Amino acid sequence: MPYIPHTEEEISSMLSAIGIKQLDQLFDEIPKKLRIKTIDAIPEAVSEMALRRTMQVRANQDGSPLCFIGAGAYEHHIPSAVWQIASRGEFYSAYTPYQAEASQGTLQLIYEYQTMMAGLMAMDISNASLYDGASALAEAVLMAIRANRKCKTRRVLVAGTVNPVYRACINAIVKNQQIELIELPYCTEAGNSLAGSLKQHESQEFAALVIQQPNFFGCLENVDELTDWAHQQNALMIAAVNPLLMAALKPPGEWGQNGADIACGDGQPLGAPLSCGGPYYGFMCCKNEIVRQMPGRIVGRTQDINGHEGFVLTLQAREQHIRRSKATSNICTNQGLVVTASAIYMAIMGPEGLRRIAAQCYANRNALIQAVGSLKGVEVVFTSPGFHECVLRLNKPVEDVMAVFYAQGILPGYNLKKDYPELGEALLVCVTETKTDDDIELYKNTLQQALA
Amino acid sequence: MLIFNYSKAGRKTGSQSPNVSADTLLKSLPANSLRKSKLLLPEVSELEVVRHYTSLSKKNFSIDTHFYPLGSCTMKYNPRICNELAMLPGFLNHHPYAPLQFSQGLLQSLYELQEMLKEVSGMQGISLTPMAGAQGEFAGVAMIQAYHAARGDTQRKVILVPDAAHGTNPATAMMCGYQVKEIPTAEDGDVDIQALQAALGPDIAGIMLTNPSTLGVFERHIHEIADLVHQAGGLLYYDGANMNAILGKVRPGDMGFDVIHMNLHKTFSTPHGGGGPGAGAVGVGERLLPYLPVPVIGCNTDNQYYWMTEQEIPSSIGRLSGFMGNVGVLIRAYIYMRLLGRAGMPRIAEFASLNANYLQAKLKQLGFDMAYPKRRAGHEFVLTLKRQAKTCGVNAMAFAKRLLDKGFHAPTTYFPLLVPECLLIEPTETESKGELDRFLEAMAEILHEAETNAELVLGAPYSMPVQRLDDVRAAKELDLVWKAD
């Protein structure tokens, strides 16, 4: 029996200890009419050997296309040590560290992770993780509404340059709590939030302003100006950022006069493979004064009865297992193992390594813009500098152009027509440090061919 | 030692990042967009990182190293093959927005997982997107809300939750904007039907139940409860945390539930990872099909698999994640289900229940008190140390800590809340009789220690990297982030 170690002899001795004769009697309290006889739609068991073959075929079937898509999930080099260590059974097969003394490995690692993430964001506090970037942003909106003591409205201003799926996800998660999301328009030339449009919102009340840096188009936002404006309006500032790039870019804690109040985003760029969208993790950092409104687990350093340093889950009075219906969130299980990988990734890269990756991503984006910008039928839409991604407007239907790339095993980018129809035949193209000069040259040639 | 203590300023090991000058490349950016402050990440070698985190890992109890009978968490063996195959490069390097022609192998696996989950749950439709049990609960309650709203039935503001429920149930109901009303448990461990009847009315949107409940017993009146709630116009939500107890034996759909979530990291053995990632797939009956969270995987008449989005499911409650949920976890669950197969599913329930009932019977013999001694255990049971706490001054927490010294992870302590000084013990089907007997020996030893030398038990643990930690200090003198001196 797969993974069940009992011998016939053991089974009968256990049954007699219980005082029954057959395994089936274990279910004698379940009403008879509910009992099922078969589960036909489940296939017969297969051996490990046979299944290995099936899964290898399926994994290979999807090929290994050259990927220029970003749109919230970014391909980066991940050192082998990251997942080899994270996959150790002691990390892989432990659970939430409820028994602190028997979980010091996981707890210390989370404390180190919190330190690294708070450092990257230049914020006071980090939690131990949420599910992913989109749901973390929804939690940030809920947190801001709880935390904002100056302004009790349930309206939140969200930049139109925030990842559209993130906006959809916020809406799905907060709509039942009578929270209203208002969209801030963007500048169609620069590709970032339109400072001029803030004026019309000045007399209105908002609990928070949400912006993304770099934004969904890869463009940089004027973070100082936006943050100061939010604070003047008594709104909290929520920064959704790509954490890797904060090694190079001004981190949320340093935005404007007083810094962002909550920083969150997707931790995927820090050591998580693309893996078709998950598991990634959501990170969240905040200022000291609102830590009690933070959702999710938090690890603290303390002492044992002999004065030795140790780590525990702390501020649990915020959480569902203690506070039940009054908890800051319903989250229980988070994305622990991905955070484990991420801490290892950040430690291996160090401050200089992360900065170099960010710089190479920046240089590669510029190289791509340089390469394709002069092609006939291509317009680089936005002027703002940026990272990872850029928007190209094409003189042919995007779908037709994409098909030419697919035929050559290349994924040319993300089609923006559904989310931003006003941009026309627009394609969001991503280049990270993983792309070589040859890759960029190949992209250019393929695009030229597709537009010919 | 923290990783930061190994750091030496200016150490550049470099081999893992591009060999470029960041300053030179970044200089064309506006100065006010750049980071000026020093970034506090450790500057250490790859070897130091590997050694540090390997040594940290050794300070953990885990399924791979210890019996881990943590009730309500189903800490069963996580087959290594599931991890290996889920990490094949074709799956790992797959961008979530890759077009369908580059996604068929992956989508086929996910589609088949949906179909298998439909069968074991007895539901009509499945969405795999929720990323953990609590998010599955959110999806479920949001669907109940969408159902009532679509019928113009807007007066239903209350969700019922038994007092034995997981904390996530009431927290989820609140997150969906509902009020929560608790229903007491009857003396025999079942829901108090009279109290339920009294609570039901036109303001009730639904009830959230776990079956077997967190008390480890099967709710025998489930049909009656389903009828009562449905007659009152409410819907029934099934918290699948305890599905390991009934897999292949009974199905939530047949019990009358309208919506359920399944914890794939429990029942279907995907790793718990030190606190996740999990996966909380939701299943619905016919009434809630239009509201499933997207994306869902479809299969068209040409046997092409595709993502069903808001276009195909226009009344969907929407998206709960940036992409498609924890796909890597889903692949592990798929592989596990294929390895176990049709005959393997009910066998899980049988041997999980055998192990739990064996432990329960033996612990009774050893002189321990069960919370529900007359009931058959599901895959777990509740033991109460109320008597020992009174007579020897040894409470459940001390017992739990002493178990660590004996080489066993502690059961869940002080949950469910309604049983004083309790341990919730879930052995799972993958433990051998020999391991269970060693656990029983340890429990007997601790009981003897409690009766003869309570101080010894109260001071536990002694053999861990640290002794009893000061939680109060942790919450009072907050130290959440390390700072360089």
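Rules used in this analysis
- Residues numbered from 1 in each chain as written.
- Chains lettered and ligands numbered in written order.
- Predicted model: local features only at pLDDT ≥ 70, side-chain atom pairs only at ≥ 80, totals over all residues.
- Helix = DSSP H or I, 4+ residues; strand = E, 2+ residues; numbered from the N terminus.
- Buried ≥ 20, exposed ≤ 12 C-beta atoms within 10 Å, placed from the backbone.
- Contact = placed C-beta atoms within 7 Å.
- Rg over C-alpha atoms; globule rule 2.2 N^0.38 Å.
- Pairing = 2+ DSSP bridges.
- Axes fitted to C-alpha atoms, helices over the stretch in contact; angles between N-to-C directions.
- Expected span 1.5 Å × (residues − 1).
- Nonpolar A, V, L, I, M, F, W, Y, C, P; charged D, E, K, R; others polar.
- Parallel < 35°, antiparallel > 145°, perpendicular 65-115°, else oblique.
- Left-handed = near helix turned anticlockwise from the far one by under 90°.
- Core = buried A, V, L, I, M, F, W, Y, C linked by C-beta atoms within 7 Å.
- Domains from an automatic or database assignment.
- Right-handed = clockwise from strand over helix to strand, strands pointing away.
- pLDDT = per-residue confidence, 0-100.

### Describing the overall build of chain A
Argument step 1. Helix and strand counts for chain A come out as twelve helices and 15 strands.
Argument step 2. Taking the principal axes of the C-alpha coordinates as reference, chain A spans close to 80 × 55 × 50 Å.
Argument step 3. Taken across its 452 residues, chain A has 59% of its residues classed as buried.
Argument step 4. In chain A, once contacts between residues fewer than 6 apart in sequence are set aside, the share between residues at least 24 apart is 76%.

### Topic: the overall build of chain B
Argument step 1. Within chain B, the secondary structure is distributed over 17 helices and 13 strands.
Argument step 2. Here the C-alpha atoms of chain B give a radius of gyration of 25 Å, agreeing with the 23 Å that 2.2 N^0.38 yields for 485 residues.
Argument step 3. By its C-alpha atoms, chain B is 75 × 65 × 45 Å across when sized along the principal axes.
Argument step 4. In chain B, buried positions account for 59% of the 485 residues.
Argument step 5. Restricting the contact set of chain B to residue pairs at least 6 apart, pairs at least 24 apart contribute 73%.

### Re the sheet that holds strand β1 (residues 125–127) of chain B
Residues and elements named next belong to chain B.
Argument step 1. Read across the open sheet, the seven strands follow the order β1-β7-β6-β5-β4-β2-β3; overall the sheet is mixed. The open sheet terminates on both sides in strands that have one partner only, identified here as β1 and β3 (179–183). Looking at each pair of strands side by side, their axes are set apart by 25° on average, direction ignored.
Argument step 2. Here strand β5 (residues 235–240) runs beside strand β6 (residues 259–262); their pairing, made up of four bridges, is parallel. Looking at β6, one finds that Tyr-237 is bridged to Val-259.

### Comments concerning helix α6 (residues 133–147) of chain A
Argument step 1. The end-to-end C-alpha distance of α6(A), which contains 15 residues, comes to 20 Å, matching closely the 21 Å that a straight helix rising 1.5 Å per residue would cover.
Argument step 2. For α6(A), a buried count of 14 out of 15 residues is recorded, marking the element as mostly surrounded by other parts of the structure.

### Digging into the interface of chain B and chain A
Argument step 1. The interface of chain B with chain A comprises 167 residues on the first partner and 161 residues on the second.
Argument step 2. Element by element, the count of residues in the side of chain B that touches chain A is highest for helix α12 (residues 327–365) of chain B, at 21 residues.
Argument step 3. Class assignment for the residues of the side of chain B that touches chain A results in 85 nonpolar, 52 polar and 30 charged.

### What about the packing of helix α1 (residues 8–18) of chain A against α12(B)?
Argument step 1. Packing of α1(A) against α12(B) brings their axes to within 8 Å, and their N-to-C directions diverge by 50°. By the angle between their axes, α1(A) is oblique relative to α12(B). For the crossing formed where α1(A) meets α12(B), the hand is left-handed. Two secondary-structure elements touch here, α1(A) through Met14(A), Ala17(A) and Ile18(A) and α12(B) through Leu354(B), Asn357(B), Tyr358(B), Ala361(B) and Lys362(B).
Argument step 2. Within the contact of α1(A) with α12(B), the residues separate by chemical class into six nonpolar, one polar and one charged.

### A word on the sheet that holds strand β14 (residues 414–415) of chain A
Sheets are built from strands paired through backbone hydrogen bonds, the pairs being either parallel or antiparallel.
Residue and element names in this part refer to chain A.
Argument step 1. With respect to topology, four strands assemble into an open sheet ordered β11-β12-β15-β14, the strand pairing being antiparallel. Unpaired on one side and paired on the other, β11 (378–380) and β14 mark the two borders of the sheet.
Argument step 2. Inspection of the sheet shows β11 paired to strand β12 (residues 389–394) by three bridges, in the antiparallel sense. When the bridges of β12 are listed, Val-380 appears paired with Leu-392.

### Quick word on the pairing of strand β15 (residues 426–430) of chain A
Residues and elements named next belong to chain A.
Argument step 1. Judged by how many residues are buried, β15 sits mostly within the fold: five of five residues are covered.
Argument step 2. Burial of the side chains of β15 extends over both faces: Ala-426, Leu-428 and Cys-430 are buried on one face and Leu-427 and Val-429 on the other.
Argument step 3. The sheet contact formed by β12 and β15 spans five bridges and is antiparallel. Each bridged residue has a counterpart across the sheet, and for Arg-393 the counterpart in β15 is Ala-426.

### Observations regarding the packing of helix α11 (residues 398–407) of chain A against helix α12 (residues 437–451) of chain A
Helix packing for two helices is described by the angle between their axes and how far apart those axes are.
All names here are of chain A.
Argument step 1. Taken N-terminus to C-terminus, the directions of α11 and α12 make an angle of 130°; their axes are 9 Å apart at the nearest point. What the angle tells us is that α11 and α12 run oblique. The hand of the α11/α12 crossing is right-handed. Of α12, the residues touching α11 (which contributes Val-401, Val-404 and Phe-405) are Thr-446, Gln-449, Ala-450 and Leu-451.

### Considering the environment of Ser12(A)
Argument step 1. Residue position: Ser12(A) is located in helix α1.
Argument step 2. Counting along the chain gives eleven residues from Ser12(A) to Leu23(A), while the straight-line C-alpha distance between them is 9.3 Å.

### What about the nonpolar core?
Argument step 1. The biggest cluster of nonpolar side chains holds 317 residues, and the ones touching the most others in it are Val141(A), Val210(A) and Ile238(A).
Argument step 2. No other element matches α12(B), which puts 21 residues into this core.
Argument step 3. Not counting residues within four places of it along the chain, the set of residues in contact with Val141(A) comprises Val156(A), Ile170(A), Val174(A), Ile179(A), Ala208(A), Val210(A) and Ile238(A).

### Side note on helix α7 (residues 168–175) of chain B
Argument step 1. Across the eight residues of α7(B), eight count as buried, placing the element largely inside the fold.
Argument step 2. If you check which residues of α7(B) are buried, you get Thr168(B), Asn169(B), Pro170(B), Ala171(B), Thr172(B), Ala173(B), Met174(B) and Met175(B).
Argument step 3. Summarising the contacts, the buried residues of α7(B) are in contact with α9 (320–323) of chain A together with α6 (133–150), β2 (158–162), β3, β4 (204–210) and β5 of chain B.
Argument step 4. One or two steps after α7(B), the chain reaches Gly177(B), where phi turns positive at roughly 85°.

### What to know about the domain arrangement of chain B
By a frequent convention, interface size equals the accessible area lost on bringing the separate parts together.
Argument step 1. Structurally, chain B comprises domain 1 (3–57), domain 2 (81–338) and domain 3 (349–471).
Argument step 2. Computed over C-alpha atoms, the centres of domain 1 of chain B and domain 3 of chain B are 46 Å apart.

### Concerning the domain arrangement of chain A
Argument step 1. Considered domain by domain, chain A is made up of domain 1 (8–61), domain 2 (66–76 + 353–451) and domain 3 (80–344).
Argument step 2. In this structure, domain 1 of chain A and domain 3 of chain A have C-alpha centres spaced 42 Å apart.

### Here we look at unusual backbone geometry
Argument step 1. Of the consecutive residues Gly276(B) and Pro277(B), the connecting peptide bond is found in the cis state with omega at 0°.
Argument step 2. Looking at the secondary structure, you find Pro277(B) in the loop between α11 (264–267) and β7 (282–284).
Argument step 3. Unusually for a residue other than glycine, Ser275(A) sits at a positive phi of about 45°.
Argument step 4. Overall, Ser275(A) belongs to the buried group, with 26 C-beta atoms counted inside 10 Å.
Argument step 5. Its identity is not glycine, yet Ser269(B) carries a phi of approximately 60°, on the positive side.
Argument step 6. Residue position: Ser269(B) is located in the loop between α11 and β7.

### With respect to the environment of Pro65(A)
Argument step 1. Along the chain, Pro65(A) turns up in the loop between α2 (48–61) and β1 (66–67).
Argument step 2. In this structure, Pro65(A) is in contact with Gly409(A), Ile410(A), Leu411(A), Ala98(B) and Phe102(B), ignoring residues within four places of it in sequence.

### Some details on the pairing of β4(B)
All names here are of chain B.
Argument step 1. The buried count for β4 comes to seven of seven residues, which makes it a mostly enclosed element.
Argument step 2. One ladder, built from three bridges, connects β2 with β4; its direction is parallel. Its bridge partner being in β4, Leu-160 is matched across the sheet by Ile-207.
Argument step 3. With five bridges joining them, β4 and β5 adopt parallel strand pairing. By the bridge assignment, Leu-209 is partnered in β5 with Tyr-238.
Argument step 4. Of the crossover connections in this fold, the one passing from β4 over helix α9 (residues 222–231) to the parallel β5 is right-handed.

### Here we look at the environment of Glu310(B)
Residues and elements named next belong to chain B.
Argument step 1. Examined against the element boundaries, Glu-310 turns out to sit in the loop between β9 (305–308) and α12.
Argument step 2. The class for Glu-310 is partly exposed, based on 13 C-beta atoms found within 10 Å.
Argument step 3. Remark: the alpha-carbon pair of Glu-310 and Asp-258, spanning 52 residues in sequence, is separated by 22 Å.
Argument step 4. The contacts of Glu-310, once residues within four sequence positions are left out, are Val-294 and Ser-316.

### Describing the confidence of the model for chain B
Any region with low pLDDT has predicted coordinates that should not be read closely.
Argument step 1. Overall, the predicted model of chain B reaches an average pLDDT of 97, with 100% of residues at or above 70.
Argument step 2. Across the predicted assembly, pTM comes out at 0.98 and ipTM at 0.98.

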